[in-house]
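# Examining the three-dimensional arrangement
Listed below, chain by chain, are the residues.
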Amino acid sequence: MSTRDKLETIFHAVMQRNPGELEFHQAVREVLDSVAPALDKHPEFAEAKIIERICEPERQIIFRVPWEDDRGEVHINRGFRVEFNSALGPYKGGLRFHPSVYLGIVKFLGFEQLFKNALTGMPIGGGKGGSDFDPKGRSDREVMRFCQSFMTELYRHIGEYTDVPAGDIGVGGREIGYLFGQYKRITNRYESGVLTGKGLSYGGAQVRREATGYGAVFFAEEMLRTAGDSIDGKRVVVSGSGNVAIYAIEKVHQLGGTVVACSDSSGYVHDDKGIDLEVLKQVKESRRQRIGQYVEHRPHATFAPGGNLWRNVPCAVAIPSATQNEIDAGDAAALIAGGCTTVVEGANMPTTPEAVRLFAEAGVRFAPGKAANAGGVAASALEMQQNASRDSWTFEYSEQRLQAVMREIHARCHATAEEYGMPGNYVAGANIDGFRRVAEAMLAQGLI
Ligand code: NDP
Ligand code: 2IT
């Protein structure tokens, strides 16, 4: 049987064992489509059934999260933590609070995380968690009660040497603060390294907040530089307006590009003079308002309720930074027709497989999230390092470290793609390099 046929058989087994988990199937498919040449070079990986083991999480935890809203009404949510793989270090990955969260989303994110974390070259395994809790419209006190209830179960599964959660969609500095407080209260331990993304006043690290967005733009700049180009002077579209999007916009502007549109789930804003970051931060970060409020402060800008920015705002560089599967084949075709040459995934798996294929056929440079958005988790690993040594670094030094990590990931993906005869294919480069690192460590640690 050829390696590809064997991988096909493994993929079908994964689908059968994990029915209905479509996003997980999609993430597995994408990696298995890339790794055949690596398996051919390393028959010892296939012999030890590394792929089959990698596709089965080490542990999956699902729990009840009861909490009371401000009116005294009781709510029951579901909490998850999937501890995917600890070959390279303690499980590491964010928590997502969004009504769409179910096991299939958590597993897709955990699976991606494993390879992403391997690409950083840092000692972190892969995990992910979250809840179907919807923080929208909830008061701070409601969010606090939810976080306290969530941690009342989660605390027994995590620890600085075991599993280190952080933020993702719907989980930012506020939530990490409440989660940390409850962990400390239950365990009676000031264990700074148990969570990352903490506030600067209690063990957080400089540049963690900015890291995913900045890192994605550093990666874009490396890709463009390799092609003899740069972001300077480019028209850019960034989807979303949360943590990743805001700091991606900030870095594009610092490097001389102009972000002309961004969005949230209610629609998008188009500001041809360039998104005003102070206004955006005030609307989205400070006031937690909807994106439409932006145009009240920038009357020349337009708000398209429910609109699709990929189809309506042409750009040279696209940085999808909202959620999975937000760029479909039709969106990709519109981006290509509008002159887009570079797509860099700030979000996890925002591009559908059909759209990725269209970009490849059109010669659009494409950076997969597991490489391009690794700056967030890399800065988390730097936060763990500072916590372990009870140290804290300056903003400038932390940013330099982040940039060095992103350059190294870019170089590695680029070189691996060349080594395997697929120059410029960052998807193959990232998947093969991430897989190789995890596979070698698993092999060395025996059959566990
Ligand atoms: P935030 O919660 O800060 O922001 C998410 C943004 O995406 C919001 O503007 C939100 O709009 C929008 N969005 C979320 N879900 C949907 C949806 N179903 N449809 C349309 N818009 C949506 O999250 P982050 O910025 O942290 O995360 C964004 C992406 O980046 C995610 O894919 C995440 O997994 C990934 N990521 C995050 C990292 C981090 O460090 N935070 C690290 C690496 C990747 P609305 O407010 O209307 O819901
Ligand atoms: O998807 C991701 O890489 C994150 N949400 C960040 C994970 C982390 O542990 O910092």
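For the structure, see preceding data.
For the structure given in this document, a descriptive report is provided here. If you're wondering where the values come from, they're calculated on a predicted model, not measured in any experiment.

### Some details on the site of ligand 2
Taken together, 14 residues are adjacent to ligand 2, and Lys 92, Lys 116, Lys 128, Asp 168 and Ser 380 come closest. A distance of 2.9 Å separates an oxygen atom of ligand 2 from a polar side-chain atom of Lys 128. Between a nitrogen atom of ligand 2 and a side-chain N or O atom of Asp 168, the distance comes to 3.0 Å. Here ligand 2, which alone exposes 290 Å², has 94% of that area covered by the protein. Elements with a minimum of two residues in the shell around ligand 2: strand E3 (91–97), helix H5 (103–119), strand E5 (163–167) and helix H16 (375–388). Here the shell around ligand 2 is composed, by residue class, of two nonpolar, seven polar and five charged.

### Comments concerning the sheet that holds strand E7 (residues 258–264)
Taken in spatial order, the seven strands line up as E9-E8-E7-E6-E10-E11-E12 in an open sheet, and their pairing is mixed. Every interior strand has two partners, whereas the edge strands, strand E9 (302–305) and strand E12 (365–367), have only one. Across this sheet, the average inter-strand angle for adjacent strands is 15 degrees, counted without regard to direction. Judged from the four bridges that link them, strand E8 (residues 267–270) and E9 form a sheet pairing that is antiparallel. Looking at the pairing, Val 269 lines up with Phe 303 of E9. Where helix H9 (residues 243–254) meets the sheet, it contacts strand E6 (235–238), E7 and strand E10 (317–319), and its direction lies at approximately 175 degrees from that of E7.

### Quick look at the packing of helix H17 (residues 395–419) against helix H18 (residues 426–444)
Packing of H17 against H18 leaves a shortest axis separation of 7 Å and a crossing angle of 100 degrees. Judged by the angle between their axes, H17 and H18 are roughly perpendicular. The residues of H18 that touch H17, namely those facing His 410, Arg 412, Cys 413, His 414, Thr 416, Ala 417 and Glu 419, are Tyr 426, Gly 429, Ala 430, Ile 432, Asp 433, Arg 436 and Arg 437.

### Quick notes on the environment of Ile 62
Among the structural elements, Ile 62 can be located in strand E1 (residues 59–68). Linking Ile 62 and Arg 412, residues 350 residues apart in sequence, is a C-alpha distance of 36 Å. In contact with Ile 62, other than residues within four places in its own chain, are Arg 78, Gly 79, Phe 80 and Leu 103.

### Overview of the site of ligand 1
Around ligand 1, a shell composed of 25 residues is seen, among which Asp 168, Thr 212, Ser 265, Arg 290 and Asn 348 lie nearest. Note that an oxygen atom of ligand 1 is positioned 2.9 Å from one of the backbone N or O atoms of Asn 243. Note that an oxygen atom of ligand 1 is positioned 2.9 Å from one of the backbone N or O atoms of Val 244. Tallied by class, the residues present in the shell around ligand 1 amount to four nonpolar, 14 polar and seven charged.

### Quick notes on the environment of Val 74
Secondary-structure assignment places Val 74 in strand E2 (residues 74–85). Residue classification places Val 74 among the exposed positions, given a relative accessible area of 55%. Placed 73 residues apart in sequence, Val 74 and Met 1 show a C-alpha to C-alpha distance of 56 Å. Apart from the residues within four sequence positions on either side, Val 74 is in contact with Trp 67 and Glu 68.

Parameters and conventions
- Every chain is numbered independently, its residues counted from 1 as its sequence is written.
- Labels follow written order: the first chain is A, the first ligand is 1, and so on.
- For a predicted model such as this one, the threshold for reporting local features is a pLDDT of at least 70, and the threshold for listing and counting side-chain atom pairs is 80 or more; totals across whole chains, interfaces and linings nevertheless cover every residue.
- No hydrogens and no water enter the side-chain calculation; it runs on all heavy atoms of the structure.
- Nearness of a residue to a molecule or strand requires only that one of the residue's heavy atoms be within 4 Å of it.
- Pairs of N or O atoms are called polar contacts if they sit within 3.5 Å, as long as, within protein, a hydrogen donor faces a hydrogen acceptor (for residues adjacent in sequence, only side-chain-to-side-chain pairs).
- Accessible areas in this description were obtained via Shrake-Rupley with a 1.4 Å probe; residue shielding takes into account the shown protein chains only.
- A run of H or I in DSSP counts as a helix once it spans at least four residues, and a run of E counts as a strand once it spans at least two, with each numbered from the N terminus.
- The nonpolar class holds Ala, Val, Leu, Ile, Met, Phe, Trp, Tyr, Cys and Pro. Asp, Glu, Lys and Arg form the charged class, and all remaining residues, Gly among them, are polar.
- Should DSSP find at least two bridges between two strands, the strands are regarded as paired.
- Every angle, taken between N-to-C directions, lies between 0 and 180 degrees, and every axis is a line fitted to C-alpha atoms, over only the stretch in contact when it is a helix.
- We call two residues in contact whenever any of their non-hydrogen atoms come within 4.5 Å of each other.
- Each angle receives one of four descriptions, namely roughly parallel if under 35 degrees, roughly antiparallel if over 145, roughly perpendicular if within 65 to 115, and oblique otherwise.
- For the exposure calls, accessible area comes from a 1.4 Å probe over protein chains only, and a residue counts as buried if that area is under 20% of its type's maximum, exposed if over 50%, partly exposed in between.

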